[in-house]
Amino acid sequence: MTRFAEHAEYEPLYHTGIEGMLIANRKVENQVKTYITYNKGRDWRLLQAPTTDLAGNPIHCVLPFCSLHLQLQMSENPYLSGSISTKSSAPGVIVAIGNIGSELSYNNVAMFISSDAGNNWRQIFEEEHNVWFLDKGGALVAVKQPTVPTRHLWISFDEGRQWTRHSFSAMPLFVDGVLVEAGAENQIMTFFGHFSHRSEWQLIKIDYKSIFTRRCTEGDYQTWHLHNQGEPCIMGQKQIYMKRRPGNYCMVGWDNSRILSAEPCICRAHDFECDYGFERRGDGNCLPAFWFNLSTLSRSCSQGQNYLNSTGYRKVVANNCTKGVKEMYTARKQQCPNRPPRGLVLTTRDDKLTANMGSNVTFLVRLEEGDSMRTNIQLDFGDGTAVSYSNLSWTQEGIRHVYRSAGIFRVTVQAENSLGFDSSSLYLHVTCPVEHIQLLAPYVVIKNKEVNLTAVVWPSHFRTLTYFWWLGNNTEPIITLDSSVSHTFSTEGMVTVTVQVSSGDSILQDTRSIAIQEFFKSLLLSFSPNLDEANPDIPEWRQDVGRVIKKVADIPEEQLLVAVFPGIPTAAELFLLPPPRNQSDGRKQTEEDLVQISEILVNALNQISVEFELKPGSRVIVYITQLTLAPLVDSIPRHSSSAMLMLLSVVFLGLAVFLIYKFKRKIPWINIYAEVNHEKEQEMISTVGQNDTTPKITLSEFSTQKELMEKELEARAKRE
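Everything numeric in this text was worked out from a predicted model, so none of it was measured.

1. Section: the sheet that holds strand S36 (residues 420–431)
A sheet is described by the order of its strands in space; here 5 strands give the open sequence S30-S36-S35-S32-S33, paired in mixed fashion. Each edge of the sheet is formed by a strand with only one pairing partner; in this case those strands are strand S30 (354–356) and strand S33 (386–389). Within this sheet the neighbouring strands show an average axis-to-axis angle of 25°, counted without direction. The pairing of strand S32 (residues 376–380) with strand S35 (residues 407–417) spans 5 bridges and is antiparallel. Bridge assignment links aspartate 380 to a residue of S35, and that residue is threonine 412.

2. A short note on the pattern of salt bridges
Pairing between side chains becomes possible if they bear opposite charge and their charged atoms approach one another. Scanning all chains against the criterion turns up 12 salt bridges. With a closest N to O distance of 3.4 Å, glutamate 127 and lysine 144 form a salt bridge. Taken together, the residues glutamate 127 in the loop between strand S9 (122–125) and strand S10 (129–134) and lysine 144 in strand S11 (residues 139–144) connect sequence positions 17 residues apart. Classification of glutamate 127 as partly exposed rests on a relative accessible area of 44%. Among the ionic pairs, glutamate 231 bridges to arginine 268, the shortest N-O distance being 2.6 Å.

3. Some thoughts on the pairing of strand S44 (residues 506–517)
Across 3 bridges, the pairing between strand S38 (residues 444–446) and S44 is parallel. Bridge pairing in S44 places valine 444 opposite alanine 515. Across 11 bridges, strand S43 (residues 493–503) lies against S44 in antiparallel orientation. Bridged to glutamine 500 within S44 is glutamine 509. Hairpin connection between S43 and S44: a loop of 2 residues separates the two successive antiparallel strands, and glycine 504 in this loop has a positive phi of roughly 65°.

4. Some points on the UniProt feature "domain: PKD" (unreviewed entry) in the protein chain
UniProt annotation of "domain: PKD" (unreviewed entry) refers to residues 368–424 and 466–503 when read in the numbering used here. For residues 466–503, the end-to-end C-alpha separation is 7 Å, with 0% helix and 66% strand making up the annotated structure.

5. Description of the sheet that holds strand S34 (residues 399–402)
In space, the 3 strands of this open sheet follow the order S29-S31-S34, with antiparallel pairing throughout. Looking at the sheet topology across the chains shown, the edges are occupied by strand S29 (342–348) and S34. With direction set aside, neighbouring strand axes in the sheet form an average angle of 25°. With 6 bridges joining them, S29 and strand S31 (residues 360–369) adopt antiparallel strand pairing. In the strand pairing of S31, threonine 347 is matched with leucine 364.

What counts and how
Residues numbered from 1 in each chain as written. Predicted model: local features only at pLDDT ≥ 70, side-chain atom pairs only at ≥ 80, totals over all residues. Heavy atoms only, no water. Pairing = 2+ DSSP bridges. Helix = DSSP H or I, 4+ residues; strand = E, 2+ residues; numbered from the N terminus. Axes fitted to C-alpha atoms, helices over the stretch in contact; angles between N-to-C directions. Salt bridge = Lys/Arg side-chain N within 4 Å of Asp/Glu carboxyl O. Buried < 20%, exposed > 50% of the residue type's maximum accessible area, 1.4 Å probe, protein only. UniProt positions renumbered as here; feature names shortened; annotations may be inferred.

And the structure:
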């Protein structure tokens, strides 16, 4: 049976009812042939074909070029015999459908029978029949296949050598099945079928008790020796059976003993097969297979103990032989060797290198060599936790661990005993679903100047995500493991930038539109405080603001872009883009056009003519927050777009605050603003460059109203 599992070319397998005897069809060089074994698959041979046919004519069939081949399909109908049948109460009798030739064929088939357990075969019918065993195998009943209607059945009392025909129906019947009643006193057969395809079911009961003249006595039996081509030792013993003499018309009954005696045989080579991990070579010896490591036999063996060292052979299962070569082929007891650990393997239970954050991960540890009972196992999960076991047996069911954070963790295991150590590792990717992604990119960038694009994901991951950057009209994305990428745009116009993040089975993306220009101007805007009350942290209203400014200043839509500062709903940056240039227009002319447009817009903002209605009764006014316009920003490194604007804004704002506090007595409403805001010691920090040379200005550096009054009194006293 073991050898069938090792060879996929074996097809249907049939057990004959005798221990260790099997019949199987095997595919050899694209030909299916029938083989038989008497030692449970240790040795196989072809079936010897009958020497004559039904008419007594000789059959010339020479092994191995020609043999008998049998159909081994079992019947799906339990009331039909199928293509092959045996009965445990009739030892050695096998009835089957088959053919004679070089391979199994479903053409020119006939019925064959063996009375000596497959050693010799005879032909009994030229057509396919269903055959049933009567009276504990003492008689055989045959009926044609149900595809052909019949009124007759055939009975044999001499194991198929002679058949007598009997009529069981007045009309031809399609026999769909036969039920044989069990029991010593119930010698009844029930035929069921139909006269035609349109007729109803028909049941015919036959009491075959009358065909037996008497009950069998001791003289009606004979002994039969089970053998394999004359070899009497089958599965390590000589078996003798009691069978009714062929031709005796007597009823066997229930008191028949099938096996008369079983005498053990001396063990010989064919009683042993190759042990696990060994295979039979051309010289007949069992040697280790290329994939088998002999040292694994003592892996679970501890120092001071013993283990069975295989000789490469093992006795066939259920074989009863004794003595002989048994001692030579039986595994020998040896003392467990003391070896350092080697071949340490670390895997997960499902062999996956990914896991979800918060789920149980089961690690398996295997050791090819070494004393597993005296080997210390240390497993480091890579997240700051580790476990230790005094022997490998405690880890057989696996070691579970839960990761509380996402990332790539190096999991290592080390096995150590008094003679040495071994280690193994794997890299586990622990992920959690990405819920949100935001692409951070400037609204306007300078042509041919490098710009940084950043993707922010939530929740945050540590190098477990893959980013796909689609820049402009590129047909292939840039793939990175980092959340940022640098790129240089070489063509003016509006481009679309899309970033996709892949996390496990999910993919999220965000898209931004970026204006690419050689130069542009920008203004910092502020809005009435009532805008914050109705639109907290809502950036969509920048589009509405842009339409209002465009309408008031009469600026073309493609030249205006409003960017909102995240978290500051009442502040924004207004980008002025150059108008489209004709081929005759130069850069100087385009710059002059942009300056002219900016002057128009500044005048409109200074005159407070840019406003819009937020809701009925509430209007929002747009202001300019810097005193002078920022210069044109182009690709020359001396300018820094909005960063330069921020620097100028901070400087002018500081000067404005100083002037307000200096001359606040002349501007009463400014005094109120200073007193209200004095408690907020806000620090104004420039973000122009990467150095810290720009001064930081805070409101606390200016004199308060009380200090100014004291200084003024002191000055008067000195003058007086």
